[in-house]
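# Fold and geometry: a report
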Amino acid sequence: MLPIGLSFQQAPPISVPFRFFLTAPLFLLAAATLLLVEGPDLMVHRHSAAALAAAHLLTLGFSSMVMCGALLQLLPVLGGVPLSHPGRMAWLVHAPLVAGTLGLALAFLSGQALFFHLALIFLGTAFGCFGLWLASTLRKIRGGGASIQGMRAALAALIVTVSLGLVLAAARSSGLTIPYVPLSSLHPLWGLGGWTTLLIAGLAYQLIPMFQLTAPYPARMTSRLIPTLLLLLAGKTLGEFLPGSTGKALSLAASLGLDAGYLWFATVTWQLLSRRRRKVPDTTLQFWRLGLGLLMLSVGIALLAEVMGDGLPEPWLLMLGVLALPGFILCVIQGMLYKIVPFLTWFHLQSAYPGLGIVPNVRDIHARFHADRQLALLAVALAALAVSCWLPALSRVAGLLWMAHALWLEINVLQAARIFLKVRRVARIREAH
Amino acid sequence: MVMDILLDVRELEPPEPLEKVLEALCVLENGQRIRMIHHREPHPLYPILQREGFRYETHFTDEGAFEILIWRSSPDN
C-alpha cells in the first residue's frame, strides 16, 4: 500500500504565507523599541508623531501583514480559486508593504516629505496589488458563505481606509488643506472597526466552529452583522461631513450602532466558546477570550467618549486605542496565528512527504511553541501599556515587555519554519537513497 | 469477518481527523471498513479517497453527526 498524501491543488506554497508571518513580529518589535526609546513622549497624545508611527507599525506591519499572508493562503483553498503566480504575487504585496510601513514610520518621526512620498508609492503598490487580487478572486467565487461575504465587506473597508490614509499622508507631505479632524478620526475607524474587525468576524464564522469545536454562529448574525456594520461605517462617514445637528445626530447614531454591533459579536463569540464541545485546555482559546474581553472594554470607553463628547480626558482616549489595537486585534490575530502556523506546517509537510514517517503530527508541532508563555507575556505587556496611559513613566517598562513578547513570537514562527526545513532536508536525503 | 475500524473524531480539531483517517487507511485490510464519526462533513477527504482507490458512503445520523464508511474499492490497491 502506497502512503496517502494530500493534494489540494489550490494551496499556494508555504513560502507565500510564511514570509508575512515571519516579518510581522519584527514590526511588533520595532513598535516596542520605539516605545522603549521614546518612553513617556509616545504616551503624551494619541496623535503624537511617535504614537502615530507606533500605531502604523502595528496596523500595517503586524496586523495587515498577517492578514494579507493568511488570505493569500486561505482564500484559494476556501474559495477553490488557485492563486496564479503565487511567488510573484506574494513578492508584489510583501516587499512594498515592508518598505511602505518603514517609510511611513520614518515619515511620522522625521516629518520629512520624502518619506511620506515613498510611503505613498510603496503602500499604494502593496494594497493596490493585494486589493486587485482579492477583488478578482472574490468575483470568481460564486455565492460564498458568510466568511466570503465578510471578506467582500472587509475589502470595501480596506479601500476606504487606504484612500483616507493616502489623502492624509499626501496632505502632511504637501501642505494640502483637507478637513483633517474628521478624516483623521474616520481613517482609524475604517481601518480598525472596518477592514480588521470585519475580516476577523468573517474568518471567525468559519474558524471558531471549526478549530474551537463550537456550535455554528447564529444565522441571524452571520447574515446581518457584517453588512450592517458596513452601512453604519458609511453612515458615520456621512454624518461627519453633513453640517449642523443632522450630521451630529447621524454620526452619534451610527457610532452607537457600531458599538452595539461589536458588542454583539463579542458576546456571541464568548458564549460559543463557553459552550464548546471539546473540554481540553487550549491556549488559543484564552487569546480569544482576552481579545473579546478587551473589545467589550473598548466599546465601553467608546460609549463614554460618545456621551461626553470632547470632555473625555486624553488618557482615556489613549486607553481606548490600547484596548482596541494592541488589545483586541493583536490578541485575536495571535490566537489565529497559533492555530494557522502549526496547521500549515503540518499540511505542507504532509502534502509533500506523506509516506516517509517523518512528518510530526500537529499536536507535537503545537507543543513546541509554548503559546501559554506568549499569552502570559502579552497579558503583562498589555497591562503595563494600559497603566502607562495614566503613568507615562512606566512606558519604558511596557516597551521592554512588548519587545520580549515580539521576540518570543518571532522565535516561535521561526521554530515552525525550522521544523519544515528539517523535515524537508531529511526527506530529500531519504529520497536520494 | 474483519472488525470495522471505528474513528470517532467529533472532539478533534483540524487537521487531527484527517491525520487519524490517513493513518487508518494505510492499515485497512480487504473487506474491512473504517467507520468515521465526524461533527461536520469532511469534504477535503473525499478527493483523497477517490484518488487512492477507496469507496465511501456518508450518512447523517440521528445523533446529529456524519457517519462516513470507507472501504477498498478493489483488493489490489
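Keep in mind it's a predicted model, so treat the numbers as computed, not measured.

Let us now look at the overall build of chain B. Each helix and strand in chain B was counted, giving two helices and four strands. Sequence-ordered secondary structure for chain B, helices as α and strands as β, is β-α-β-α-β-β. A compact globule built from 77 residues should have a C-alpha radius of gyration of about 11 Å, and chain B, at 12 Å, falls within 12% of that. Taking the principal axes of its C-alpha atoms as reference, chain B extends roughly 35 × 25 × 15 Å. The proportion of buried residues among the 77 residues of chain B is 22%. Pairs at least 24 residues apart make up 58% of the contacts formed inside chain B by residues separated by at least 6 positions.

To continue, consider the nonpolar core. Within the largest apolar cluster, 142 residues are counted, with the highest numbers of intra-cluster contacts made by Leu 28, Ala 31, Ala 54 and Val 66 of chain A. A total of 22 residues in this core trace back to one element, the largest contributor, which is helix H10 (residues 314–352) of chain A.

What follows is about the confidence of the model for chain A. Across chain A, the average pLDDT comes to 92, with 97% of residues at or above 70. No element of chain A has a lower mean pLDDT than helix H11 (residues 362–367) of chain A, at 87, and none a higher one than helix H1 (residues 15–38) of chain A, at 97.

We now examine H10 of chain A. Residue and element names in this part refer to chain A. Taking 1.5 Å of rise per residue, the 39 residues of H10 would be expected to cover 57 Å, and the 54 Å separating its terminal C-alpha atoms lies within 8% of that figure. Along its length, H10 reaches its greatest deviation from straightness, about 30°, at Leu 330. Summarising burial for H10: 31 of the 39 residues are buried, a large majority.

Before going further, it helps to examine the environment of Gly 79 of chain A. Residues and elements named next belong to chain A. Within the secondary structure layout, Gly 79 lies in helix H2 (residues 49–79). Residue class for Gly 79 comes out partly exposed when judged on the 19 C-beta atoms lying within 10 Å of it. Beyond its immediate sequence surroundings of up to four residues, Gly 79 is in contact with Thr 137, Ile 141, Gly 144 and Ile 148.

This part is about the sheet that holds strand S1 (residues 5–8) of chain B. Residues and elements named next belong to chain B. Strand order in the open sheet formed by four strands is S1-S2-S4-S3, with mixed pairing between adjacent strands. Of all strands in the sheet, those with a lone pairing partner are S1 and strand S3 (54–60), marking the two edges. Direction aside, the axes of adjacent strands within the sheet are offset by 15° on average. Examined bridge by bridge, strand S2 (residues 33–38) and strand S4 (residues 66–72) share six bridges and lie antiparallel to one another. When the bridges of S4 are listed, His 38 appears paired with Phe 66.

With that out of the way, let us pick up the environment of Trp 316 of chain A. Residues and elements named next belong to chain A. Of note, Trp 316 is situated in helix H10. A residue is classified by how many C-beta atoms lie within 10 Å of it, and Trp 316, with 15 of them, is partly exposed. Considering only alpha carbons, one finds Trp 316 and Ala 305, 11 residues apart in sequence, at a separation of 8.5 Å. Not counting residues within four places of it along the chain, the set of residues in contact with Trp 316 comprises Ile 301 and Leu 304.

All right, on to the pairing of S3 of chain B then. Residue and element names in this part refer to chain B. Where S3 lies against S4, seven bridges are found, and the strand directions are antiparallel. When the bridges of S4 are listed, His 59 appears paired with Glu 67. Counting the residues in the hairpin turn of S3 and S4 gives five residues, including Gly 64, whose phi is positive at 85°.

With that settled, consider the packing of H10 of chain A against helix H13 (residues 395–432) of chain A. Between two packed helices, what matters for the description is the angle formed by their axes and the separation of those axes. Residue and element names in this part refer to chain A. With their axes 10 Å apart at the nearest point, H10 and H13 run at an angle of 10° to one another. It follows that H10 is roughly parallel to H13 by the angle criterion. Along the contact surface, H10 presents Val 341, Pro 342, Thr 345, His 348 and Leu 349, while H13 presents Val 413, Ala 416, Ile 419, Phe 420 and Val 423. Here the residues of the contact of H10 with H13 sort into eight nonpolar, two polar and no charged.

Here the focus is the packing of H1 of chain A against H13 of chain A. Residue and element names in this part refer to chain A. It is the contact of H1 with H13, at a shortest axis distance of 7 Å, that shows an interaxial angle of 165°. By the angle class used here, H1 and H13 are roughly antiparallel. The chirality of how H1 crosses H13 is left-handed. Of the residues assigned to the contact of H1 with H13, the class counts are 20 nonpolar, three polar and two charged.

It is worth spelling out helix H4 (residues 113–140) of chain A at this point. Turn by turn, an α-helix covers 3.6 residues, leaving residues three or four places apart pointing in a common direction. Residue and element names in this part refer to chain A. Taking 1.5 Å of rise per residue, 28 residues should cover 40 Å, and H4 covers 40 Å from first to last C-alpha, within 8% of that figure. Regarding H4, the residues found buried are Phe 115, Phe 116, Ala 119, Phe 122, Leu 123, Ala 126, Phe 127, Cys 129, Phe 130, Leu 134 and Thr 137. Of the surrounding elements, those touching the buried residues of H4 are H2, helix H3 (86–110) and helix H5 (146–174).

All names here are of chain B. Averaged over all residues, the pLDDT of chain B is 88; the fraction at 70 or higher stands at 95%. When pLDDT is averaged over each helix and strand of chain B, the minimum, 85, is found for helix H2 (residues 45–51) and the maximum, 95, for S2. Here the complex is predicted with pTM 0.92, and the ipTM for its interfaces comes to 0.77.

This paragraph deals with unusual backbone geometry. Residue Pro 15 of chain B is reached from Pro 14 of chain B by a cis peptide bond, and omega for that bond is 5°. Inspection of the secondary structure assignment puts Pro 15 of chain B in the loop between S1 and helix H1 (16–27). Although it is not a glycine, His 85 of chain A sits at a positive phi angle of roughly 50°. Here His 85 of chain A is to be found in the loop between H2 and H3. With 10 C-beta atoms counted inside 10 Å, the residue His 85 of chain A sits in the exposed group. Despite not being glycine, His 370 of chain A has its phi angle at roughly 50°, a positive value. Note that His 370 of chain A resides in the loop between H11 and helix H12 (371–388).

The rules behind the values
- In every chain, residue numbers begin from 1 and rise along the written sequence.
- Written order determines the labels here, with chains lettered from A and ligands numbered from 1.
- The predicted origin of the model limits local features to residues at a pLDDT of at least 70 and limits the giving and counting of side-chain atom pairs to 80 or more, whereas totals for whole chains, interfaces and linings rest on all residues.
- We count a stretch as a helix when DSSP gives it H or I for four or more residues in a row; a strand needs E for two or more, and each element gets its number in order from the N terminus.
- Restricting the calculation to C-alpha atoms gives the radius of gyration, and the globule rule supplies 2.2 Å times the number of residues raised to the power 0.38.
- Exposure criterion: with C-beta atoms placed from backbone coordinates, a residue whose C-beta has 20 or more other C-beta atoms within 10 Å is buried, one with 12 or fewer is exposed, and one in between is partly exposed.
- A pair of residues counts as a contact when their C-beta atoms, built from backbone coordinates, are within 7 Å of each other.
- The nonpolar core criterion groups buried Ala, Val, Leu, Ile, Met, Phe, Trp, Tyr and Cys residues into a set whenever they are joined through C-beta atoms within 7 Å.
- On a range of 0 to 100, pLDDT expresses the predictor's confidence in each residue.
- Expected helix span is given by 1.5 Å per residue-to-residue step, counting one fewer step than there are residues.
- To obtain the bend at a residue, axes are fitted to the seven residues ending there and to the seven starting there, and the angle between these axes is taken.
- Two strands form a pair only when DSSP identifies at least two bridges running between them.
- For helices, the axis comes from a line fit to the C-alpha atoms of the stretch in contact; other axes are also lines fit to C-alpha atoms, and the angle between any two N-to-C directions lies between 0 and 180 degrees.
- Convention used here: angles under 35 degrees read as roughly parallel, angles over 145 as roughly antiparallel, angles from 65 to 115 as roughly perpendicular, and any remaining angle as oblique.
- In this count, Pro and Cys sit with the nonpolar residues alongside Ala, Val, Leu, Ile, Met, Phe, Trp and Tyr, while Asp, Glu, Lys and Arg are called charged and the others, Gly among them, polar.
- The crossing is said to be left-handed when, going from far helix to near helix, the turn is anticlockwise and less than a right angle, and right-handed when the turn is clockwise.

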